Structures are given as structure tokens and as C-alpha cells.
Amino acid sequence: MYACAKFVSTPAVVRAGSRALYRPLSASVLSRPEAKTESTVALMPQSPLTQVSLRGFQTSAISRDIDTAAKFIGAGAATVGVAGSGAGIGTVFGSLIIGYARNPSLKQQLFSYAILGFALSEAMGLFCLMVAFLILFAM
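Residues numbered from 1 in each chain as written. Predicted model: local features only at pLDDT ≥ 70, side-chain atom pairs only at ≥ 80, totals over all residues. Heavy atoms only, no water.

Visitor: I'd like a rundown of the overall build of the protein chain, residues and numbers included.
Guide: The number of helices and strands found in the protein chain is eight helices and zero strands. The order of helices and strands in the protein chain, counted from the N terminus, is α-α-α-α-α-α-α-α. Taken over 139 residues, the protein chain has a buried fraction of 11%. Restricting the contact set of the protein chain to residue pairs at least 6 apart, pairs at least 24 apart contribute 75%. Accessible surface, the protein chain: about 10,700 Å² in total, of which carbon and sulfur atoms supply 72%. (Helix = DSSP H or I, 4+ residues; strand = E, 2+ residues; numbered from the N terminus. Buried < 20%, exposed > 50% of the residue type's maximum accessible area, 1.4 Å probe, protein only. Contact = heavy atoms within 4.5 Å. Areas by Shrake-Rupley, 256 points an atom, 1.4 Å probe, with all protein chains shown as cover.)

Visitor: Go over the packing of aromatic side chains, please, and point to the residues and values.
Guide: Counted under the stated rule, the structure contains two aromatic pairs. Ring centres of F93 and F118 lie 5.9 Å apart, and the angle between their planes is 50 degrees; on these two criteria the pair is classed as tilted. Taken together, the residues span a long stretch of sequence, with F93 in helix α7 (residues 80–102) and F118 in helix α8 (residues 107–137) at a distance of 25 residues. On the accessibility criterion, F93 (29% relative accessible area) is partly exposed. With a relative accessible area of 32%, F118 lands in the partly exposed category. For the ring pair F133 and F137, a centre distance of 6.2 Å and an interplane angle of 25 degrees mean the geometry is stacked. Of the two residues, F133 and F137 both sit in helix α8, four residues apart, roughly one turn of that helix. Overall, F133 belongs to the partly exposed group, its relative accessible area being 46%. (Phe/Tyr/Trp six-rings, centres within 6.5 Å; stacked < 30°, edge-to-face > 60°.)

Visitor: Any details on the environment of F137? Residues and values, ideally.
Guide: Overall, the relative accessible area of 67% leaves F137 in the exposed class. For the pair F137 and K71, spaced 66 residues apart in sequence, the C-alpha separation works out to 9.1 Å.

Visitor: Explain the packing of α7 against α8 residue by residue, including any values.
Guide: With their axes 8 Å apart at the nearest point, α7 and α8 run at an angle of 175 degrees to one another. Classified by the interaxial angle, the pair formed by α7 and α8 is roughly antiparallel. The residues of α8 that touch α7, namely those facing G81, V82, S85, G88, I89, V92, F93, L96, G99 and Y100, are K107, L110, F111, A114, G117, F118, S121, E122, G125, C128 and L129. Partitioning the contact of α7 with α8 into residue classes produces twelve nonpolar, seven polar and two charged. (Axes fitted to C-alpha atoms, helices over the stretch in contact; angles between N-to-C directions. Parallel < 35°, antiparallel > 145°, perpendicular 65-115°, else oblique. Nonpolar A, V, L, I, M, F, W, Y, C, P; charged D, E, K, R; others polar.)

Visitor: Which residues make up α7, and what values do they have?
Guide: In an α-helix there are 3.6 residues to a turn, and that puts residues three or four apart on one side. Taking 1.5 Å of rise per residue, 23 residues should cover 33 Å, and α7 covers 34 Å from first to last C-alpha, within 8% of that figure. Taken together, the buried positions of α7 are occupied by S85, I89, L96 and G99. Buried residues belonging to α7 abut α8. (Expected span 1.5 Å × (residues − 1).)

So this is what it looks like as C-alpha cells:
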């Protein structure tokens, strides 16, 4: 069976088939026909797989606009966590003030806990910001 497949499917046919699979159906079916002259009709094979292999991968302007809009929406959604980080920092230091007002003798221990809470909350905000930049510039 391997020997039959080796003779029947050449690498060009395999590449053409794989290109046809990763293109969207709308790009394959609704693509504009190119103007063919008599000389190109005689030279070009008429198989749909070879026609797909002759055309390169194309991305329309509409598709790129949708991808760009999706990047901006995703980055905006990722930056919502930065606001949560700000609220967390406010809560931590608000609780520090309340705790210090109730028991001033625990000032040093409360302050160390507050710094730890500040660091963890700020780290989560920076992670959200990093994900937003990754969405915008790495994809």
C-alpha cells in the first residue's frame, strides 16, 4: 500500500491538498476567477488541487481588520485586571489603617503584611498588563 501511495500521490499533490484544507471555504469557493488567455489555459492544468497550489495563501483586508479588532478587544479585556489590582491595593492599605487604629502595638507586623499584600496585588496587575502586551505585539 505504501508503494502504491508513493506512485499515486506526488509531493505536489500532497502540498496542494493540504493548502486546500487550511484555506477558509469562502476563500476557496468564492475566489475571483483570474483572467485567462488562450496561452495560459493551454499551459495550466484543470485540476482544482493544482489550481489551489498555483495560487498563494491570501489574506483579505477584511480578515486582517477582524484580526486587528479581535487583538484590541482581547488586550482591552486583559487590562481589566489592572483595575482589580488597584482596588486590591486600596483594600490592603485601607485594612492596614483600620488595623492600626484598633491595635497600635501591632504596627510593625501589620505593615509587613500590608507590604506582602501590596506586592501580590501589584504582581497580578503586572501579569494582566503583560498578557495585554503579548496579545497586541506577539500574535
